[in-house]
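# Architecture and fold: a report
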Amino acid sequence: MIIGYNILQQYRQKVEAEKRATIVKQKAVIEETDEMLLQASRLPFSKELLLILHQRVYNALQAIAQVDPSLGQVKQRLNDITGQISNIQQNYQAPPSDSYRSPDNDKQALLTLQVIKKIRAIVRSEHSKGKVETPVYVMENRRLELMQLKINLENAIARAQTAKMNRQFGTVKQLLDKAITTLSGVPDRDAYLQSKLEQMEAMKAEMNSQLKTASDTDLKERQEKEVDELDVLFQPKKKW
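Residues numbered from 1 in each chain as written. Predicted model: local features only at pLDDT ≥ 70, side-chain atom pairs only at ≥ 80, totals over all residues. Heavy atoms only, no water.

What follows covers the overall build of the protein chain. When its secondary structure is counted, the protein chain shows seven helices and zero strands. The order of α-helices and β-strands along the protein chain, N terminus first, is α-α-α-α-α-α-α. Relative to its full complement of 240 residues, the protein chain shows a buried share of 30%. Relative to all contacts within the protein chain whose residues are 6 or more apart in sequence, the contacts with residues 24 or more apart total 73%. (Helix = DSSP H or I, 4+ residues; strand = E, 2+ residues; numbered from the N terminus. Buried < 20%, exposed > 50% of the residue type's maximum accessible area, 1.4 Å probe, protein only. Contact = heavy atoms within 4.5 Å.)

For helix 2 (residues 47-67), with 21 residues, the first-to-last C-alpha span of 31 Å sits near the 30 Å given by 1.5 Å per residue. Buried within helix 2 we find L49, L50, I52, L53, H54, R56, V57, A60, L61, A63 and I64. (Expected span 1.5 Å × (residues − 1).)

Moving on: unusual backbone geometry. One non-glycine residue with positive phi stands out, namely R167, at about 60°. As for its position among the elements, R167 is in the loop between helix 5 (134-165) and helix 6 (169-184). Owing to a relative accessible area of 62%, R167 belongs among the exposed residues under this scheme.

A few words on helix 5. The end-to-end C-alpha distance of helix 5 is 47 Å, a good match for the 46 Å that 32 residues give at a rise of 1.5 Å each. Once helix 5 finishes, R167 follows within two positions and takes phi at roughly 60°, a positive value.

Orientation of helix 2 relative to helix 3 (residues 72-91), taken along the N-to-C sense of each, is 160°, at an axis distance of 10 Å. As the angle between them shows, helix 2 and helix 3 are arranged roughly antiparallel. By crossing handedness, the relation of helix 2 to helix 3 is classed as left-handed. Contacts between helix 2 and helix 3 involve K47, L50, L51, H54, Q55, V57, Y58, L61, Q62, I64 and A65 on the former and, on the latter, V74, R77, L78, I81, T82, Q84, I85, I88 and Q89. (Axes fitted to C-alpha atoms, helices over the stretch in contact; angles between N-to-C directions. Parallel < 35°, antiparallel > 145°, perpendicular 65-115°, else oblique. Left-handed = near helix turned anticlockwise from the far one by under 90°.)

Another point: the pattern of salt bridges. All told, the structure shown has twelve salt bridges when counted by the stated rule. Taken together, the shared-partner salt bridges in this structure form one network comprising E32, R56, E126 and K129. (Salt bridge = Lys/Arg side-chain N within 4 Å of Asp/Glu carboxyl O.)

Another point: the side chain of Q148. Position of Q148 among the secondary structure elements: in helix 5. Excluding its chain neighbours within four sequence positions, the residues that come into contact with Q148 are L113, I116, K117 and R120.

This part takes up the environment of V57. Position of V57 among the secondary structure elements: in helix 2. The spatial distance from the C-alpha of V57 to the C-alpha of T33 is 6.7 Å, given a sequence separation of 24 residues. Setting aside residues no more than four positions away along its own chain, V57 makes contact with I30, T33, D34, R77 and I81.

Here you go:
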């Protein structure tokens, strides 16, 4: 009887440990996803992306409810998330892709890039689990990739403008050439990206014009100086 009791106790402890591990794991999933959902006010989330994130929360809550049905808060959150999913499906209108607003500073840009990277990892994970269809995954991954590109372009433009102010024209040329080449190879540019491409091409043309003007002015000044020196050299000698 003692041996049987000990075996039963060990089994119960194992079940409880597995239950706790499941709850901790799924709570971490919920917290991470909720954190990403908070970014919907700053980034243009599509309906599909919102549904992926909300469904991820729903699945995690269900996993917790299965191992511990007594948790009343989980049941309430399940009801809430079900209503949110239904509301998104029926009423959500995604903002246009060109409504994107760039971060205000480098720190904010870095944080936004980290958020997008996390969201891309979540979408990839959900797709690998079979919870996101391949066409939806491809579309959403590309949208997130273009968001990252927009932030990197803004950073390149800001650095080019700073380098131009410091008269570091070689750096300006390298930054603009690389960004223009990258963006020119993007076939699915939206209005925002197209405007950035035109802005960078205009910056490059303006810089080249300024450099040419400066070069012509410098050449003219050197020629005038040479003429002056020749005049001095070959001017009639004064007789004393």
